[in-house]
Amino acid sequence: ARCRPAGGRFSGLEMEPQAPAASKITYIYTPDYIKRCDFLSKVTSRASMVHSLIASYGLLNYMRVVKPRVASMEEMAMFHTDAYLEHLRKISEDGDDDDPESAEYGLGYDCPTAEGVFDYAAAVAGATLTAAQCLMDKKYQVAINWPGGWHHAKKDEASGFCYLNDAVLGILKLRKKFDRVLYIDLDLHHGDGVEDAFSFTSKVMTVSFHKYSPGFFPGTGDVTDIGMGKGRYYTVNVPLEDGIQDDLYYQICESVLKEVYASFNPEAVVCQLGADTIAGDPMCSFNMTPVGVGKCLRYILNWELPTLVLGGGGYNHANTARCWTYLTAVILGKTLSSEIPDHEYFTEYGPDYVLEITRSCRTDQNDPQRIEQILSTIRGNLKNVI
């Protein structure tokens, strides 16, 4: 299947002339896809809010919009077990939330079963595979699928609101074209499902920046978790404490990614940019703004490698839309006006109706000495990467 643009252009606000590189950016979208992504109970209507804000700023004029396809069972089985996929399809068709087998597949509390959940998961997986194909065809340098990034799902188990691991499927797809793929996870939570999938290989390096604290989900991702077998040293974890702000986060991110790039020499990149790190998120942990995440993303984009951009967490929906709209503008090299444009969800952005997010007064609990120890350990580990 080739990467095919959806028909038509999109109207929006007047903006400066199209940047030369804009034709190299693709955005995975159809109205039906966004509607299907609104289904997920933990983030109901979030996909529509994100897309509507991106559209209201006129950013669709500067990207090639590509229609996603739905992932086939065969494609999903590149990572997930047949038994798990069959069970997910069965309960999705029946709308059965009392199936006794569901618990062994992680379905229940964090990942409730409901009619249509399989179709939702297959749509997200298919969109990420569509984005990966666009990069493989070398028509585009950056492919964006904001409703993707469900990084906790295991091969035979749903976990942490994630039914299928579209990030793993996207990486496996890219590996058919690119020898070394780098996965960078900036979500608040450890990217455990992606790490587990590739912990034994030296062809995929996973790098996760996340909160690591007793009792905090998923409870993995210490700096000492470095991969196994042939994949030893190809797993990088950066455990952080509550309250971290933009400047320190970027310093850490730049320090780690500089060493990662030099040692691993990736050919393609997958970025998971969960917005639950942003101030105002119900997780009440980090104290970031989109500007800090944007600096990290700019650093990655400066490598000029094929880059797949995914969403992830983000449970303050207005702030998640602000964040991913700002990051879309970063990718496009555009500057957005502070005032939120009038659109369907305008009233959700009160009382200030601006794009910027203000930090909270939460104290940064990251000890500089501990951060330096973590960075020193990572530098030492990466010296072993061949």
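A brief look at the structure comes next. (Residues numbered from 1 in each chain as written. Predicted model: local features only at pLDDT ≥ 70, side-chain atom pairs only at ≥ 80, totals over all residues. Heavy atoms only, no water.)

### Re the overall build of the protein
Threshold: Numbering goes from the N terminus for both helices and strands, where a helix is a DSSP run of H or I of at least four residues and a strand is a run of E of at least two. Here the radius of gyration uses the C-alpha set of atoms, whereas the globule reference equals 2.2 Å times the residue count to the power 0.38. When a residue's accessible area, from a 1.4 Å probe over protein chains only, is under 20% of the maximum for its type it is buried; when over 50% it is exposed; and in between it is partly exposed. Contacts between residues were defined by any pair of non-hydrogen atoms, one from each residue, lying within 4.5 Å. In this description, accessible areas are obtained by the Shrake-Rupley approach with a 1.4 Å probe, and a residue is regarded as covered only by the protein chains that are shown.
Looking only at helices and strands, one finds eleven helices and eight strands in the protein. Taken over the C-alpha trace, the protein has a radius of gyration of 20 Å; the compact-globule value for 386 residues is 21 Å, and the two agree within 12%. Counting only C-alpha atoms and orienting by the principal axes, one finds that the protein spans roughly 50 × 45 × 40 Å. Taken across its 386 residues, the protein has 59% of its residues classed as buried. Across the protein, contacts joining residues at least 24 apart in sequence account for 80% of those joining residues at least 6 apart. In the structure as shown, the protein presents an accessible area of about 15600 Å², 48% of it carried by carbon and sulfur atoms.

### Some details on the side chain of Asp 246
For clarity, the cut-off: The charge count treats Lys and Arg as positive and Asp and Glu as negative. His and the chain ends do not count. Any carboxyl oxygen of Asp or Glu that lies within 4 Å of a side-chain nitrogen of Lys or Arg is treated as forming a salt bridge with it.
Within the fold, Asp 246 resides in helix H8 (residues 246-264). Of the side chains bearing the opposite charge, Arg 359 lies closest to the buried Asp 246, which forms no salt bridge; the N-O distance is 5.1 Å. What Asp 246 contacts, discounting residues up to four positions off in sequence, is Met 288, Thr 289, Val 291 and Gly 292.

### Looking at empty space enclosed by the protein
Our working definition: Think of a 1 Å grid over just the protein atoms. A cavity is a set of points where a 1.4 Å probe fits yet cannot get out, a pocket is an open set with protein on both sides within 12 Å along at least five of seven lines, and lining residues have an atom within 4 Å of a point. Grid points are joined across faces, edges and corners, and a volume is the space filled by probe spheres set on the points.
Summed over all chains, the structure comprises four cavities of 30 Å³ or more. The calculated volume of the largest cavity comes to roughly 80 Å³. For the largest cavity, the full set of lining residues is Cys 37, Val 43, Arg 46, Ala 47, Val 50, Tyr 120, Trp 146, Pro 147, Trp 150 and Trp 324. Considering each element in turn, the lining of the largest cavity owes the most residues, three residues, to helix H2 (residues 46-56).

### Some words on the layout of surface pockets
What counts here: Classification convention: Asp, Glu, Lys, Arg as charged; Ala, Val, Leu, Ile, Met, Phe, Trp, Tyr, Cys, Pro as nonpolar; all other residues, Gly among them, as polar.
Its boundaries defined by the atoms lining it, the second largest pocket holds a volume of some 220 Å³. Lining the second largest pocket are 15 residues, and of these Val 291, Tyr 326, Leu 336, Leu 355 and Glu 356 sit closest to its centre. For the lining of the second largest pocket, the secondary-structure elements that each account for two or more residues are helix H9 (290-301) and helix H10 (317-332). Considering each element in turn, the lining of the second largest pocket owes the most residues, four residues, to H10. Partitioned by chemical class, the residues of the lining of the second largest pocket number eight nonpolar, three polar and four charged.

### Concerning the pairing of strand S5 (residues 204-211)
This is how the line gets drawn: Crossovers are described as right-handed under a simple rule: with the strands pointing away from the observer, the path leading from the first strand over the helix to the second runs clockwise. Should DSSP find at least two bridges between two strands, the strands are taken to pair.
Counting buried positions along S5 gives eight out of eight residues, so the element sits mostly inside the fold. Every second residue of S5 is oriented toward a common face, with Val 204, Thr 206, Ser 208 and His 210 on one face and Met 205, Val 207, Phe 209 and Lys 211 on the other, all of them buried. Crossover strand S4 (residues 181-185) to S5 through helix H7 (residues 192-198) is right-handed. Sheet topology places S5 next to strand S6 (residues 235-240); six bridges connect them, and they run parallel. When the sheet's bridge partners are listed, Phe 209 is paired in S6 with Val 238.

### Considerations on the packing of H9 against H10
Quick note on the threshold: Here, axes are lines fitted to C-alpha atoms. For helices the fit covers the stretch in contact, and angles between N-to-C directions go from 0 to 180 degrees. Handedness of a crossing is defined here by the sense of rotation of the near helix relative to the far one, left-handed for an anticlockwise turn of less than a right angle and right-handed for a clockwise turn.
For the pair H9 and H10, interaxial distance at closest approach is 10 Å and the crossing angle is 30°. Handedness of the H9/H10 crossing: right-handed. Residue-level contacts link Pro 290, Val 291, Val 293, Gly 294, Leu 297, Arg 298 and Leu 301 of H9 to Cys 323, Tyr 326, Leu 327, Val 330 and Ile 331 of H10. By residue class, the composition of the contact of H9 with H10 is ten nonpolar, one polar and one charged.

### What about the nonpolar core?
Side chains of a nonpolar character, in soluble globular proteins, are inclined to be buried together. Stated precisely, the cut-off is as follows: By nonpolar core we mean a set of buried residues, namely Ala, Val, Leu, Ile, Met, Phe, Trp, Tyr and Cys, connected to one another through side-chain atoms within 4.5 Å.
Membership of the largest hydrophobic core comes to 134 residues, with the highest contact counts inside it found for Trp 146, Tyr 163, Ile 184, Met 205, Phe 209 and Val 256. The element that contributes the greatest number of residues to this core is helix H5 (residues 117-136), accounting for 15 residues.

### Let's talk about the pattern of salt bridges
According to the stated counting rule, one finds ten salt bridges in the structure shown. A salt bridge links Arg 89 to Glu 86, with the nearest nitrogen and oxygen atoms 3.3 Å apart. Of the two residues, Arg 89 and Glu 86 both sit in helix H4 (residues 82-94), three residues apart, roughly one turn of that helix. The exposure class assigned to Glu 86 is partly exposed, which follows from its relative accessible area of 39%. A salt bridge links Asp 179 to Arg 180; the shortest N-O distance between them is 3.5 Å. One salt-bridge network, held together by shared partners, links Arg 175, Asp 179, Arg 180, Lys 203 and Glu 267.

### Points about the packing of aromatic side chains
Condition: Only Phe, Tyr and Trp rings take part, Trp by its six-membered ring, and two of them pair if their centres are within 6.5 Å. Stacked means planes under 30 degrees apart, edge-to-face means over 60, and tilted covers everything else.
Scanning all chains against the criterion turns up eleven aromatic pairs. Ring geometry for Phe 161 versus Tyr 315: centroids 5.7 Å apart, planes at 80°, classification edge-to-face. Of this pair, Phe 161 sits in the loop between strand S3 (142-145) and helix H6 (166-174) while Tyr 315 sits in the loop between strand S8 (307-310) and H10, and the two are 154 residues apart along the sequence. Accessibility classification places Phe 161 together with Tyr 315 in one group, the buried group.

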